[in-house]
Amino acid sequence: MRLTEEKSLFGLRNIIIIVVIIGILLGISLLVLESFKSSVESTTSGNETYLDNVNIEKSLTQTPTSLTATRKNQTWLDFDGVDDYVNLTDKDIFSPSANNNVTTFSIWYKFPYDFSGVPGDYRNIFSKRSAPSNYEYQLHVFNSSAGINSNYTMFQWWQFDAEASNVVYLTSSSTGIIGGYKPDVWNNAIISIDGTHISTFMNGEAMKRSLITKVSNATGSAPLLIGSNDFSDRRFNGSIDDFRIYNNSFMPLQVANLRNSFSRASNLTYIPILMYHNIDNIDTTYYVNLTNFASQMSWLNASGYHTITDVEYYNWTQGKFIMPTNPIMLTFDDGKTNTYTNAAPIMDVYGYKGVIGIVTGLVPSGASTTNMNWTQINELIDKNWSIASHSQTHCTLGYKTGMSIYCNDSITRIGNLSQSKVDIITNTGVTPISFIYPGSDYGNVVGTSHKRWITYPDVMGNCSLNYSMCIGAYSTTSIPLYNNINSGFYTGDLNRILILNTTSISDFNYALNYTSPTLQSFGQWKLDENSGTTAYDVSGNGNNGTISGATWNNDGINITLTEDTDYTILGAVFTVINSDLAWTGIDISYNYIILKVSQIAITITISAIQTIPIWLPIIIILLMVGILLAIVFKIIPLKNSGEIAEV
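Please read all numbers here as calculations on a predicted model, not as lab measurements. (Residues numbered from 1 in each chain as written. Predicted model: local features only at pLDDT ≥ 70, side-chain atom pairs only at ≥ 80, totals over all residues. Heavy atoms only, no water.)

*Asks:* An account of the layout of surface pockets is requested, with residue identities and associated values reported.
*Replies:* Its volume calculated, the largest pocket comes out at about 730 Å³. Lining the largest pocket we find 36 residues, and of these K526, D528, D580, L581 and T584 sit closest to its centre. Among the residues making up the lining of the largest pocket, the classes are represented as 10 nonpolar, 15 polar and 11 charged. (1 Å grid on protein atoms, 1.4 Å probe; cavity = no way out; pocket = protein on both sides within 12 Å on 5 of 7 lines; lining within 4 Å. Points joined across faces, edges and corners; volume = space filled by probe spheres on them. Nonpolar A, V, L, I, M, F, W, Y, C, P; charged D, E, K, R; others polar.)

Dropping the structure here:
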């Protein structure tokens, strides 16, 4: 029995020893193989560029073991003003007349601050006109005098056969604007032609809307050029990016959405604020009858609008409120009784709320057919309406003519601002954060061009002592102005859209339609190539342009692309799959393995190994295992085999 146990133990020992020896041999083999591998291989890096449409395979020079793909954050073309331009050739589809005079142009440009020259000089941003009379259209910066303060941007559309033209200016209102554009910063100009009107927009803001009077059915034969016209003069001196032509027309809020689609635009939420006065069946200008008002509220509801208050808007700018989709603010000046009796019940149907501008000195102590009393005001507050001050006496705080009461001296103005706030707190327990200027007069000069205000620091400064927001300017539905997170609280930039008895649903649709039409473009030249002399059309229409002289530039910021979202890599094949990256210059950096010995020697070795029959290494392995077992049995011999095991 003992002999049997010893034999069993001996067999287990042999197995363990065999396993250990094989493990040692394998370990030595792996070390040798790894040493050999490291002796013939090393990792190095490579760099290549990609410029093509999407889903086009590019075979890299080497097979990467790791890869990083980047693009420039912004890329554009610089023009020297002498002989630089981009030729997009002549296509009928580039002519509005070929599309029933419905076309939208959009372009980004940056012009130096020191633009000057002889009076009448201009520089073409884009143009489709040739001498002597082959005129279609052009957008250019115009210098009306020798001084830089007289510069502005102008779109000109010719009646081809009569050499007469519609001229529509792009002027702006923001602080620091010189001649309708911000010098030495990027501006977005959009010109939308809808068959009856030409509307212009600067940086998302509606500028002008002009009736088309010089209609032409001719398409012309002039090439469409960026940075020049076909006279080979008056060429652009600055930077141009992302030129697009659509066969759609766009309404103002649609333009805001279109602008947000550009990579260099801020993704802003644009908020309309409507200005009402009286809601009653009286046929005068500042009244809106109940039928029209009900139709307007129904239109807003059907269009997906959600009402907000001035408090919610302010809190949003402070990061304390989540803005709903398609927000709108409804304000009612003067605190009229018909806001309570007529407007509120119609708004209740949709769960809408508003902002009441109260003239506190006109609030009656009891019932009144003219102005709401404090009980009625508090009932609206209980319905989540907000309350703003509209002064104590409805006096103008600036210098607007035609007002019956003036508070244009400092003592009277400050007293009116502060006392109205005290009145509201005393009678409602609510602290108003907004002041609405009576007559929209915050010290602006009346009678100048669209929104070309001169603000008076004393008026705005006095208001800011008591309120978080001071609501000043207004616009009409034909040239509506909107608000966003960057609108100035004390600069008159909190704009309202005036709603009158004559305001139609069509006017509402034009000013407040935020649903962008299906984008159909004749050409989109993003100018993201960053190399070469071709401006590729990414619209799918193949209207590529030729770059002459203009030089590539970029902001130097690299954006890292994401595998399987922006591109794929299979072996050495690199493919862009994100359509936004079509014809975008992409830099590819990668690591790969190289062999230190000659490729010929490796090829010969591999070929020799491949000629060995599969059974030969198997026999060799079996022989080695047999030899190993024989050695083991000799190293640890059996004990006396003649011994008799004990029972």
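There's more to say after this.
*Asks:* Explain the sheet that holds strand β32 (residues 567-570) to me, and be specific about the residues and the numbers.
*Replies:* Here we have 3 strands laid out as an open sheet, ordered β2-β33-β32, and antiparallel in their pairing. Each edge of the open sheet is held by one strand with a lone partner, namely β2 (57-59) and β32. Sheet twist, expressed as the average angle between the axes of neighbouring strands with direction ignored, equals 20 degrees. Across 3 bridges, the pairing between β2 and strand β33 (residues 573-576) is antiparallel. Within β33, the residue paired with E57 across the bridge is T575. (Pairing = 2+ DSSP bridges. Helix = DSSP H or I, 4+ residues; strand = E, 2+ residues; numbered from the N terminus. Axes fitted to C-alpha atoms, helices over the stretch in contact; angles between N-to-C directions.)

*Asks:* Please give an account of the packing of helix α5 (residues 337-348) against helix α6 (residues 374-382) that cites residues and values.
*Replies:* Direction vectors running N to C along α5 and α6 enclose 40 degrees, while the axes themselves pass 9 Å from each other. As summarised for this structure, α5 and α6 are arranged oblique, according to the angle between their axes. Crossing of α5 over α6 shows left-handed handedness. Of the residues in α6, those touching α5 at T337, Y340 and A344 are Q376, E379 and L380. Classifying every residue of the contact of α5 with α6 gives 3 nonpolar, 2 polar and 1 charged. (Parallel < 35°, antiparallel > 145°, perpendicular 65-115°, else oblique. Left-handed = near helix turned anticlockwise from the far one by under 90°. Contact = heavy atoms within 4.5 Å.)

*Asks:* Could you give an account of the nonpolar core, with specific residues and numbers?
*Replies:* The biggest cluster of nonpolar side chains holds 39 residues, and the ones touching the most others in it are Y276, F293, L300 and L512. Residues contacting L300, with those up to four places away along its chain left out, are Y305, I328, L330, Y352, F508 and L512. Counting residues in hydrophobic clusters, the runner-up holds 38 residues, among them L77, F243, A550 and W552. (Core = buried A, V, L, I, M, F, W, Y, C linked by side-chain atoms within 4.5 Å. Buried < 20%, exposed > 50% of the residue type's maximum accessible area, 1.4 Å probe, protein only.)

*Asks:* Pulling in residues and values, what's your account of the packing of aromatic side chains?
*Replies:* Here the distance between the centres and the angle between the planes together describe a pair of aromatic rings. The final tally for this structure, using the stated rule, is 31 aromatic pairs. On the numbers, 5.6 Å between centres and 20 degrees between planes, the contact of F243 with W525 is stacked. Here F243, found in strand β15 (residues 237-246), pairs with W525, found in strand β27 (residues 521-525); they are 282 residues apart in sequence, far enough to count as distant. Considered together, F243 and W525 belong to a single accessibility category, that of buried residues. An aromatic cluster is built from F94, F105, F126, Y137, F155, F243 and W525, whose rings are joined through pairwise contacts. Across the ring face of Y135, the terminal group of R129 is positioned such that the distance to the ring centre comes to 4.3 Å. A cation sits over an aromatic face here: R264 above W186, 3.9 Å from the ring centre. (Phe/Tyr/Trp six-rings, centres within 6.5 Å; stacked < 30°, edge-to-face > 60°. Lys NZ or Arg CZ within 6 Å of the ring centre and 35° of its normal.)

*Asks:* Could you give an account of the environment of A344, naming the residues involved and the relevant values?
*Replies:* Its location among the elements puts A344 in helix α5. Sequence separation between A344 and L380 is 36 residues; the distance between their C-alpha atoms is 8.0 Å. Apart from the residues lying within four places of it in its own chain, the contact partners of A344 are T339, L380 and W385.

*Asks:* Outline the pairing of strand β22 (residues 386-389), supporting the account with residue identities and numerical values.
*Replies:* Of the two faces of β22, both are covered, the one formed by S386 and A388 as well as the one formed by I387 and S389. Pairing geometry for strand β21 (residues 355-358) and β22, over 4 bridges, is parallel. Bridging from a neighbouring strand, G357 pairs with A388 of β22. Once the chain exits β21 it traverses α6 before rejoining the sheet at β22, and the crossover so formed is right-handed. (Right-handed = clockwise from strand over helix to strand, strands pointing away.)

*Asks:* Which residues make up empty space enclosed by the protein, and what values go with them?
*Replies:* The probe, sized like a water molecule, is rolled over the atoms to show the empty space still left. Applying the stated criterion across every chain yields a total of 1 cavity of 30 Å³ or more. Of the voids in this model, the largest cavity is the one considered here, and its volume is about 40 Å³. Together, S95, P96, S97, E136, W157, W158, S216 and A218 line the largest cavity. Looking at side-chain class alone, the lining of the largest cavity contains 4 nonpolar, 3 polar and 1 charged residues.

*Asks:* Explain unusual backbone geometry to me, and be specific about the residues and the numbers.
*Replies:* Its identity is not glycine, yet N203 carries a phi of approximately 55 degrees, on the positive side. Looking at the secondary structure, you find N203 in the loop between β12 (197-202) and β13 (205-211). We note that L527 has phi near 55 degrees; this positive angle belongs to a residue other than glycine. Assignment of secondary structure puts L527 in the loop between β27 and β28 (534-535). Take L527: its relative accessible area is 1%, and that puts it in the buried class.

*Asks:* Please set out the pairing of strand β11 (residues 187-194) residue by residue, giving values where relevant.
*Replies:* For β11, the tally of buried residues reaches 7 of 8 residues, placing the bulk of the element in the interior. Of the strand pairs in this sheet, strand β6 (residues 102-110) and β11 are connected by 8 bridges, and their pairing is antiparallel. Counterpart to S106 in the pairing with β11 is I190. Here β11 pairs with β12 via 5 bridges, running antiparallel. Bridging from a neighbouring strand, S192 pairs with S199 of β12. Linkage of β11 to β12, two consecutive antiparallel strands, is achieved through a turn of 2 residues, within which G195 is found at a positive phi near 100 degrees.

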